[in-house]
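A structural walkthrough
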Amino acid sequence: MDHQGLEQHRRNLGIFFIVTNGLSLLVAVGVAVFIGVVGGVVPGAKPEERALIVAAGALVGGCLALVGLPGVVTGIGLLKRKAWARTVALVLGILALPNIPLGTALGAYALWFYLQAGSEQVFDT
């Protein structure tokens, strides 16, 4: 594959990382807000119980955000041609494979891209 084609695939992979992991961040915020709202309006619940539900929502949302945030940062690194993003994208792509359907597509695309001869040449050193 020519250098221009590899550049385009690097850019596409970066965008794909940002979009798929950005969706994870959106879900994290949604879950935290939903559980927080539900916790605040549970009828008959004591204030301590409501606080516990809200805290659980924040914890679940935070954990989900921790899953999505590295992928967004990696996508930005890919768009900026950072050499570290190459390794991180490969690892995150492999870890995303079981996450059907978007993670599988992301992981397969990352593996395909990094198996192309010359893929390492589209990154700054």
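Residues numbered from 1 in each chain as written. Predicted model: local features only at pLDDT ≥ 70, side-chain atom pairs only at ≥ 80, totals over all residues. Heavy atoms only, no water.

As a further point, take the packing of aromatic side chains. Considering all chains together, one arrives at three aromatic pairs under this definition. A ring pair is formed by phenylalanine 113 and tyrosine 114, whose centres lie 5.0 Å apart and whose planes are at 70°; its orientation type is edge-to-face. Classification of phenylalanine 113 by relative accessible area gives buried; the value is 0%. A relative accessible area of 9% places tyrosine 114 in the buried class. Their ring planes at 20° and their centres at 6.5 Å tell us that tyrosine 114 and phenylalanine 123 sit as a pair that is stacked. (Phe/Tyr/Trp six-rings, centres within 6.5 Å; stacked < 30°, edge-to-face > 60°. Buried < 20%, exposed > 50% of the residue type's maximum accessible area, 1.4 Å probe, protein only.)

Following the sequence through the fold, glycine 62 ends up in helix H2 (residues 47-79). Sequence-wise, glycine 62 and serine 24 are 38 residues apart; in three dimensions their C-alpha atoms are separated by 11 Å. (Helix = DSSP H or I, 4+ residues; strand = E, 2+ residues; numbered from the N terminus.)

Where helix H3 (residues 83-96) contacts helix H4 (residues 102-114), the axes come no closer than 7 Å and their chain directions differ by 135°. Classified by the angle between their axes, H3 and H4 sit oblique to one another. Remark: the crossing between H3 and H4 carries left-handed chirality. Seen from H3, the contacting residues are Ala85, Arg86, Ala89, Leu90, Gly93, Ile94 and Ala96; seen from H4, they are Gly103, Thr104, Leu106, Gly107, Ala110, Leu111 and Tyr114. Each residue belonging to the contact of H3 with H4 can be placed in one class, and the counts come to nine nonpolar, four polar and one charged. (Axes fitted to C-alpha atoms, helices over the stretch in contact; angles between N-to-C directions. Parallel < 35°, antiparallel > 145°, perpendicular 65-115°, else oblique. Left-handed = near helix turned anticlockwise from the far one by under 90°. Contact = heavy atoms within 4.5 Å. Nonpolar A, V, L, I, M, F, W, Y, C, P; charged D, E, K, R; others polar.)

Following the sequence through the fold, glutamate 7 ends up in helix H1 (residues 3-41). Look at glutamate 7 and you get buried, because its relative accessible area is 15%. Setting aside its immediate chain neighbours within four residues, glutamate 7 contacts Arg81 and Val122.

So, on to the pattern of salt bridges. By the definition in use, this model includes three salt bridges. When the shortest N-O distance is used, the salt bridge between glutamate 7 and arginine 81 registers 2.2 Å. Here the residue glutamate 7 occupies a position in helix H1, and arginine 81 occupies one in the loop between H2 and H3, the gap between them amounting to 74 residues. One continuous salt-bridge network, built from bridges that share partners, spans Glu7, Arg10, Arg81 and Asp124. (Salt bridge = Lys/Arg side-chain N within 4 Å of Asp/Glu carboxyl O.)

Mapping leucine 59 onto the fold places it in helix H2. On the basis of relative accessibility, which here comes to 58%, the residue leucine 59 falls in the exposed class. On a C-alpha basis, the gap between leucine 59 and valine 31 in space is 10.0 Å, while along the polypeptide they are 28 residues apart.

Cis geometry marks the peptide bond from isoleucine 100 to proline 101, where omega comes out at 0°. Along the chain, the position of proline 101 falls in the loop between H3 and H4. A positive phi angle is found at arginine 81, which is not glycine, with a value near 65°.

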